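Per-entry structural report
Okay, here's what each chain looks like letter by letter:
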Amino acid sequence: MADNSIEKKAGPGGEVQRSGREVAAPQPYQSLIPKRSPLEDALGPAAGFGVTIKNFFSKTVTEQYPREPARVKPRFHGRHQLNRYPDGLEKCIGCELCAWACPADAIYVEAADNTADQQFSPGERYGRVYQINYLRCIFCGLCIEACPTRALTMTNEFELAGPTREGLIYEKQDLLAPMTDGMLAAPHPMVEGTTDTDYYRGEVTAPTPAQVDWVGEHRPDDPSLTGARSRAGAAANQGQETR
Ligand code: SF4
Ligand code: SF4
């Protein structure tokens, strides 16, 4: 039978080494520590206090949140927002690309058809149901990258805690951007003679008198009418002057 045992022999320091390989003799660890002079030994503690003293006089970075609002970077990923065009129509077309891109399955979208009397967004479809589940969202931003109309963006708002699970599922009305002065609340027709492409290109900058008249006829008590009337009038005058 073959002898498979490893051949060993004693080294010069008494250590065991494999045949054909040299193994360095162990050194005492004290020999690895750099030598210091007595002066360096005396100044050692002072150097430690030097770090403390230096920070004592530097500017404090303590955040006083929540007594003071927290500062976040401009591109911080916070709560989502569904944006509108300047005439008040919604940018979301219900394509569901954001939901498909979401790795956490946090977005639920149901689209519906726009009609002449229920035109919520330019083009054929709009997001009838739009939900984001903030119990799932990891704020990665993939959804906003996927959105073809820049309907979905993220704000800097991060205070999203709540006492109930249901409360952390945000609905469309929670996510829609607030109406700014001069916008006309949807639904209403698109600007006459335009297509959805004109909207995407930013060529619609305000509601027109015809849109205001349509809303005045169908929803005479709509609170957005007052601001929209004055903005539409100003935009029409500006258009005449530039012609
Ligand atoms: S930020 Fe990320 S996790 Fe949150 S909804 Fe968008 S894609 Fe989903
Ligand atoms: S938010 Fe954008 S990606 Fe999501 S359904 Fe609306 S248009 Fe499509």
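This report concerns the structure included in the present document. These figures come from a predicted structure and were not determined experimentally. (Residues numbered from 1 in each chain as written. Chains lettered and ligands numbered in written order. Predicted model: local features only at pLDDT ≥ 70, side-chain atom pairs only at ≥ 80, totals over all residues.)

So, on to the environment of Gly-162. Mapped onto the elements, Gly-162 comes out in the loop between β6 (152–154) and β7 (169–170). Gly-162 sits in the exposed class, given 12 other C-beta atoms within 10 Å. If sequence neighbours within four positions are ignored, Gly-162 has contacts with Gly-167 and Leu-168. (Helix = DSSP H or I, 4+ residues; strand = E, 2+ residues; numbered from the N terminus. Buried ≥ 20, exposed ≤ 12 C-beta atoms within 10 Å, placed from the backbone. Contact = placed C-beta atoms within 7 Å.)

Another aspect to go through is unusual backbone geometry. What is expected of a backbone is that most residues other than glycine have negative phi and most peptide bonds are trans. With an omega of 5°, the peptide bond running from Tyr-65 to Pro-66 counts as cis. Tracing the backbone shows Pro-66 in the loop between α1 (38–56) and β3 (80–82). Cis geometry is found at the peptide bond from Ala-186 to Pro-187, where omega equals 5°. Looking at where Pro-187 falls in the secondary structure, it is placed in the loop between α4 (172–175) and α5 (196–200). Notably, Asp-105 is not glycine yet its phi reads approximately 55°, a positive angle. When the 11 C-beta atoms within 10 Å are taken as the criterion, Asp-105 is described as exposed. Located in the positive-phi region is Phe-139, a residue other than glycine, with phi close to 55°. Mapped onto the secondary structure, Phe-139 falls in the loop between β5 (125–133) and α3 (142–146). Judged by the 16 C-beta atoms lying within 10 Å of it, Phe-139 is partly exposed.

Turning our eyes to something else, we now look at the site of ligand 1. Lining the immediate surroundings of ligand 1 are 13 residues, of which Cys-102, Ala-104, Cys-137, Cys-140 and Cys-143 lie closest. Classifying every residue of the shell around ligand 1 gives twelve nonpolar, one polar and no charged. (Near = placed C-beta within 6 Å. Nonpolar A, V, L, I, M, F, W, Y, C, P; charged D, E, K, R; others polar.)

The full set close to ligand 2 counts 14 residues, and Cys-92, Cys-95, Cys-98, Cys-147 and Leu-152 are the nearest of them. Partitioned by chemical class, the residues of the shell around ligand 2 number ten nonpolar, three polar and one charged.

Spatial strand order, β4-β5-β7: three strands in an open sheet with antiparallel pairing. The sheet terminates laterally at β4 (107–113) and β7, the two strands that pair on one side only. Examined bridge by bridge, β5 and β7 share two bridges and lie antiparallel to one another. Of the residues in β7, the one forming a bridge with Ile-132 is Tyr-170. (Pairing = 2+ DSSP bridges.)

With that settled, the discussion passes to the nonpolar core. A general feature of soluble globular proteins is that nonpolar side chains tend to end up buried together. Grouped together as the largest cluster of nonpolar side chains are 22 residues, with contacts concentrated most on Cys-92 and Ile-107. In terms of residues, this core owes the most to one element, β5, which gives three residues. Each residue touching Ile-107, except ones within four places of it in the same chain, is listed here: Cys-98, Ala-99, Cys-102, Ile-132 and Cys-143. By size, the runner-up hydrophobic cluster in this structure holds eight residues, among which are Met-183, Leu-184, Val-215 and Ala-228. (Core = buried A, V, L, I, M, F, W, Y, C linked by C-beta atoms within 7 Å.)

Read these as layout, nothing more, since geometry by itself doesn't imply function.
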